[in-house]
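So you can see what is in the structure, the chains are spelled out below.
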Amino acid sequence: MAAPSSDSLSRYECAGFRFPDRDYYDRHLVFGHVAARDAATQRERFEAVARTLRDVLAQRWIKTNDTYDRKNPKQVYYLSMEFLIGRSLVNNIVNLGVEQFVREELRSDPRQDWKEVLETEPDAGLGNGGLGRLAACFIDSLATLEVPAIGYGLRYDYGIFRQELKDGRQVEQPDPWLSRPDPWEVVRPGETVTVPFACRFEVHGGQVAPRRGSGSTMLGVPYDRPVVGYGGRTINTLRLWKAGAASEFNFGEFSSGDFFGAVSDRVLAESVTRVLYPDDSTPRGRSLRFVQEYFLVRCSLADIVARFRRRGNDWAALPDKVAVQLNDTHPAMAVPELMRILLDEAGLGWDEAWDLTVRTLAYTNHTLLPEALEKWGADLFEALLPRHLEIVYEINRRFLDVVRAKHPGDDAKLARVSLVEEGAERKVRMAHLAIVGTHSTNGVAAIHSELLRTKTVPDFAELFPDRFNNKTNGVTPRRWLLTANPDLARLLTEAVGDGWVTDLSRLRKADPLANDAGFRDRFLAAKRGAKARFVDWIGATAGIALDPDTLFDVQIKRIHEYKRQLLNAVQCVVWYNRLRQNPGLDVPPRTVLFAGKAAPAYHLAKVIIMLITSIGRVVGADPAVRGKLRVEFLPNYSCTLAEHLIPAADVSEQISTAGYEASGTSNMKLMMNGALTVGTRDGANIEIAEEAGEGNVFLFGLTAEQVLGGRGWYDPRWHYENEPETRAALDLIFNNHFSPDEPGIFEPLRETLLTRGDYYMHLADLTAYVQTQQMVAAVYRDPQAWAAKAIHNVARSGKFSSDRTVFEYLRDVWTAGPCPIG
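Residues numbered from 1 in each chain as written. Predicted model: local features only at pLDDT ≥ 70, side-chain atom pairs only at ≥ 80, totals over all residues. Heavy atoms only, no water.

Within the protein, the regular secondary structure consists of 33 helices and 23 strands. A globule of 822 residues ought to have a C-alpha radius of gyration of about 28 Å, and the protein, at 27 Å, matches this closely. Considering the protein as a whole, with its 822 residues, one finds that 61% of them fall into the buried category. A fraction of 76% describes how many contacts in the protein between residues 6 or more apart in sequence connect residues 24 or more apart. For the protein, the computed accessible surface area is about 30,300 Å², with 51% contributed by carbon and sulfur atoms. Across the protein, 99 positive and 107 negative side-chain charges occur, with their mean positions spaced 2 Å apart. (Helix = DSSP H or I, 4+ residues; strand = E, 2+ residues; numbered from the N terminus. Rg over C-alpha atoms; globule rule 2.2 N^0.38 Å. Buried < 20%, exposed > 50% of the residue type's maximum accessible area, 1.4 Å probe, protein only. Contact = heavy atoms within 4.5 Å. Areas by Shrake-Rupley, 256 points an atom, 1.4 Å probe, with all protein chains shown as cover. Lys, Arg positive; Asp, Glu negative; His and termini not counted. Charge placed at Lys NZ, Arg CZ, Asp CG, Glu CD.)

This paragraph deals with the pattern of salt bridges. Under the definition given, this model contains 66 salt bridges. A salt bridge links Arg239 to Glu191; the nearest nitrogen and oxygen atoms lie 2.8 Å apart. Highlighted residues: Arg239 in strand β10 (residues 235-245) and Glu191 in the loop between β7 (186-187) and β8 (193-204), separated in sequence by 48 residues. Where Lys413 meets Asp459, a salt bridge forms, and the shortest distance between an N and an O atom there is 2.8 Å. In this pair, Lys413 sits in helix α15 (residues 411-417) while Asp459 sits in helix α18 (residues 458-463), placing the two residues 46 residues apart along the sequence. For the pair Lys413 and Asp459, one class covers both residues: buried. Here the residues in one salt-bridge network are Arg188, Glu191, Asp224, Arg239, Asp303 and Arg307, joined through shared partners. (Salt bridge = Lys/Arg side-chain N within 4 Å of Asp/Glu carboxyl O.)

Contact pair helix α9 (residues 283-310) / helix α11 (residues 334-345): the axes reach a minimum separation of 10 Å and the direction vectors enclose 40°. Accordingly, the angle class assigned to the pair α9 and α11 is oblique. For the pair α9 and α11, the sense of crossing is right-handed. Within the contact between the two elements, α9 uses Tyr294, Val297, Arg298, Leu301 and Val305 and α11 uses Ala334, Glu337, Leu338, Arg340 and Ile341. Residue composition of the contact of α9 with α11, by class: seven nonpolar, no polar and three charged. (Axes fitted to C-alpha atoms, helices over the stretch in contact; angles between N-to-C directions. Parallel < 35°, antiparallel > 145°, perpendicular 65-115°, else oblique. Left-handed = near helix turned anticlockwise from the far one by under 90°. Nonpolar A, V, L, I, M, F, W, Y, C, P; charged D, E, K, R; others polar.)

On to the packing of helix α12 (residues 350-360) against helix α14 (residues 386-406), then. In the contact formed by α12 and α14, the axes pass within 13 Å of each other and the chain directions differ by 90°. With respect to each other, α12 and α14 are oriented roughly perpendicular. Note on element contacts: α14 touches α12 through Ile391, Glu394, Ile395 and Arg398, opposite Trp350, Asp351 and Trp354.

Within a pair of aromatic rings, the relevant descriptors are the distance that separates the centres and the angle that separates the planes. Under the defined criterion, the tally for this structure stands at 22 aromatic pairs. Each ring, one from Tyr77 and one from Tyr152, has its centre 6.1 Å from the other, and the planes form 25°; the classification is stacked. Here Tyr152 lies in strand β4 (residues 149-154) and Tyr77 lies in strand β3 (residues 75-79), a separation of 75 residues in the sequence. The same class applies to Tyr77 and to Tyr152, which are both buried. (Phe/Tyr/Trp six-rings, centres within 6.5 Å; stacked < 30°, edge-to-face > 60°.)

Turning our attention to the sheet that holds strand β13 (residues 375-377). Backbone hydrogen bonds are what pair the strands of a sheet, in a parallel or an antiparallel way. Overall, antiparallel pairing links the three strands, which are arranged β13-β15-β14 in an open sheet. Looking at which strands have only one partner, the edges of the open sheet turn out to be β13 and β14 (420-421). Examined bridge by bridge, β14 and strand β15 (residues 427-429) share two bridges and lie antiparallel to one another. The residue bridging Val420 from the neighbouring strand is Val428, located in β15. (Pairing = 2+ DSSP bridges.)

The full count for this structure, using the stated rule, is zero disulfides. Note on Cys299: no disulfide assigned, nearest cysteine sulfur contributed by Cys199 at a separation of 16 Å. Residue Cys299 is classed as buried on the basis of its relative accessible area of 0%. (Disulfide = S-S within 2.5 Å.)

It is worth spelling out helix α2 (residues 42-71) at this point. Working note: α-helix, 3.6 residues per turn, so residues spaced by three or four point in the same direction. Taking 1.5 Å as the rise per residue, α2 with 30 residues should run 44 Å; its terminal C-alpha atoms sit 43 Å apart, in good agreement. Once α2 ends, the next one or two residues include Asn72, with phi positive near 55°. (Expected span 1.5 Å × (residues − 1).)

With parallel pairing, the six strands of this open sheet are ordered in space as β20-β19-β18-β21-β22-β23. Two strands close off the open sheet at either side, each with one partner strand: β20 (629-633) and β23 (698-699). In the sheet, strand β22 (residues 676-679) pairs with β23 via two bridges, with the strands oriented parallel. In the strand pairing of β23, Gly679 is matched with Leu699.

Our focus in this paragraph is the environment of Ala649. The residue Ala649 is located in the loop between α24 (639-645) and β21 (651-654) in this model. Once the C-alpha coordinates of Ala649 and Asn636 are considered, the two residues, 13 residues apart in sequence, prove to be 18 Å apart. Ala649 has contacts with Lys527, Phe552, Val554, Leu670 and Ala675, leaving out every residue within four places of it along the chain.

The next thing to look at is unusual backbone geometry. Within the chain, Asn72 stands out as a residue other than glycine whose phi angle is a positive 55°. Mapped onto the secondary structure, Asn72 falls in the loop between α2 and β3. In this structure Asn72 comes out as buried when scored by relative accessible area, which is 14%. If you check the backbone angles, Asp758 has positive phi at about 50° while not being a glycine. Mapped onto the fold, Asp758 is located in the loop between α30 (747-755) and α31 (762-780).

Let us now look at the nonpolar core. With 242 residues, the main nonpolar core has Leu384, Phe399, Phe534 and Trp814 as its most contacted residues. When neighbours within four sequence positions are excluded, Phe399 is seen to be in contact with Val417, Leu419, Val436, Phe460, Leu463 and Phe464. By size, the runner-up hydrophobic cluster in this structure holds 24 residues, among which are Phe46, Leu57, Leu89 and Val98. (Core = buried A, V, L, I, M, F, W, Y, C linked by side-chain atoms within 4.5 Å.)

Considering every residue of the protein, the mean pLDDT works out to 93; 94% of them sit at 70 or more. Segment residues 1-12: pLDDT under 50, and 28 contacts once partners within four positions in sequence are set aside and those in other chains are kept. (pLDDT = per-residue confidence, 0-100.)

Looking at the secondary structure, you find Asn313 in the loop between α9 and α10 (318-321). According to the relative accessible area criterion, Asn313 is buried, its value standing at 7%. In terms of polar contacts, Asn313 uses its side chain to reach the side chain of Asn72, at 2.8 Å. Not counting the four nearest positions on each side in its chain, Asn313 is found in contact with Asn72, Phe308 and Lys321. (Polar contact = N/O pair within 3.5 Å; in protein donor to acceptor, adjacent residues only side chain to side chain.)

We now examine the environment of Gln773. Considering the arrangement of structural elements, one finds Gln773 in helix α31. Each C-alpha atom, one on Gln773 and one on Gln571, is 9.0 Å from the other, the two residues being 202 residues apart in sequence. In this structure Gln773 touches Asp553, Gln571, Trp575, Arg590, Glu653 and Val678, once residues within four positions along its chain are discounted.

As a further point, take the pairing of β21. A two-sided burial pattern is seen for β21, the buried positions comprising Val651 and Glu653 on one face and Ser652 and Gln654 on the other. Taken together, the two bridges between strand β18 (residues 551-556) and β21 define a ladder with parallel strand orientation. Each residue of the ladder has a partner; that of Asp553, found in β21, is Val651. As paired strands, β21 and β22 are joined by four bridges and run parallel to one another. Bridge assignment links Glu653 to a residue of β22, and that residue is Val678. Once the chain exits β21 it traverses helix α25 (residues 666-672) before rejoining the sheet at β22, and the crossover so formed is right-handed. (Right-handed = clockwise from strand over helix to strand, strands pointing away.)

Structure, rendered in structure tokens:
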């Protein structure tokens, strides 16, 4: 096969790219797999397409990195345990602007099934929920805004898990997303980082345990993925670390017959990046999580410092050239690790090192839940990272001296703000460490930031009032509207031009079109098309048959009590009872769709999934409600499932207990695609209502203040005894109507709701929730009125672009800006 001519490299021009022709695709297909073209699988065709596109972007990627090294701008480094990037092929095609090239050169293979090619790319197993999706949106926006940035995460072999449903139960299976070569990543073994620990790790009885007395070393091997900004001008990097052993094979142990011992160091080291969020319900699971978090921090800061020094910078310039953002509490060990580097490697004094550390690091808090504000045992620090514990203790000593001087005699305040929690087990409070050791602490929605300051850490807000700020989350419109919803994207572009793709506020120009009957009809047609596509896709991939001519009522998020999938399930039973008692009840046909994963050790969340699937099975088999109510749990929620479902959704369920959801991002994606929010006054729902107008959303339930104030008086049994529909719905559940073959299976839900006090106040909001759903049904009966509200939501979603959020970080926290690539 002849090499492509120079003429073939200049047929297409875009953002400085020079494009190969079909020969490149053929070479990757045939020579990359040593297979005849006609015999190649669709997966092999996907890899050929992806590698050809990587050839296209390679020169620009190199030029981006060279420009940063040459110009030495301030660079943003984003540390996150999760990057929920989903699939990359279509996103890269759209952001590169190479649709014509792909259509004419790469899709001309007559044996290529493009839909199947797309389906062979797995979702990258790098995240689980909103935290990871936010990180993915941010790196997309940073590249689009031409900001020098790198994302740092871990290269998990098996992600969190692949969710299967067996007899209605969640079953966790490995997610082997790397079982085939990933065509996007580039391994950089020459930039490997050593990660030392003060102990060795050994296997006893099948369990991994640290052994003190001798140290050990792991290796962090970087794998780089391109992050393509829209228009392809800037191609930043997502660097993922894979754990390995300093010695992969002990020949002496192998020769002596200890075959496992010969490779045990490698097996143990690689376990660090096997899965996202190992089960931390056991001491060994917590140890592994601790090692994961330090491994990410150690590798990433070593890489950041190497880049900083390579560019000829003095240590004093660190905050002027480096902005490190800690995405939640997981990377909080960056505080003592950067101090260790500056003290022990750079040889700086304490005061200078502390000043540089604080001015370099910034912290985003994502939760108010106490269990998510991590605490690590001092004994774990002592065994694995004794030097870091020394530094933490010294930070704490100096910090408490300052507090003591400001508040003499206030021992209670000292105990509250101390970085170390005293008790039977001494623990390091990682959120406190992150607040004290950084120059900025932000929440991710206005109410979340307010509650963080006034309820969760008020003492710190008093001590550091200038450090606390809000940065309401956002999502990238490139993936979540332009790519995911092509019919609506075309309609909006015809109406307001294509500038909205990089400036979502321009959608506001479409707001008056809510009053245009012709535009409303076209909007409804786009929604119907999205629903039809989703129905086809979920039928083909999961074997679930849905009716696109029903109201799609969607709740998609990880399963947790505070997110209140249980509240939604109970209201489904209320409606089921109504329809059984009154078969002629005039309500629009509704399909209630759930999706989300429960943490493997979270038993109650798994019971909630069982309840939902059981309700779905019984409701689906009952002829009295057939055609009026459908309940389905969609398995293995992922970025790809969301991209298909969100454009099809009519209703966006955002019903967390007020004061518990930090922000949410699914609410923003759904709003952007024309779903109407049914929600509590929690997280970003409040700001969505402010932007869309309260008449265009459906808010209900207790406020955060009422939830906090209600702890003393709330009695769920009062609702059970005094609200007939509440009692009837719960009795149906607890009397085994939905579980005739497994009586008592939902007893944990009875205990949660009626015996242990219903901490997340499901029953307090149930009646208001059902009444709100009646209002939803009434509006949905009038398609034109519904369309008008949906159009207002889309047109007023501009605030919720991640471009806006990133710009605010750049302005207020990172003090950085663009560095255009020439």
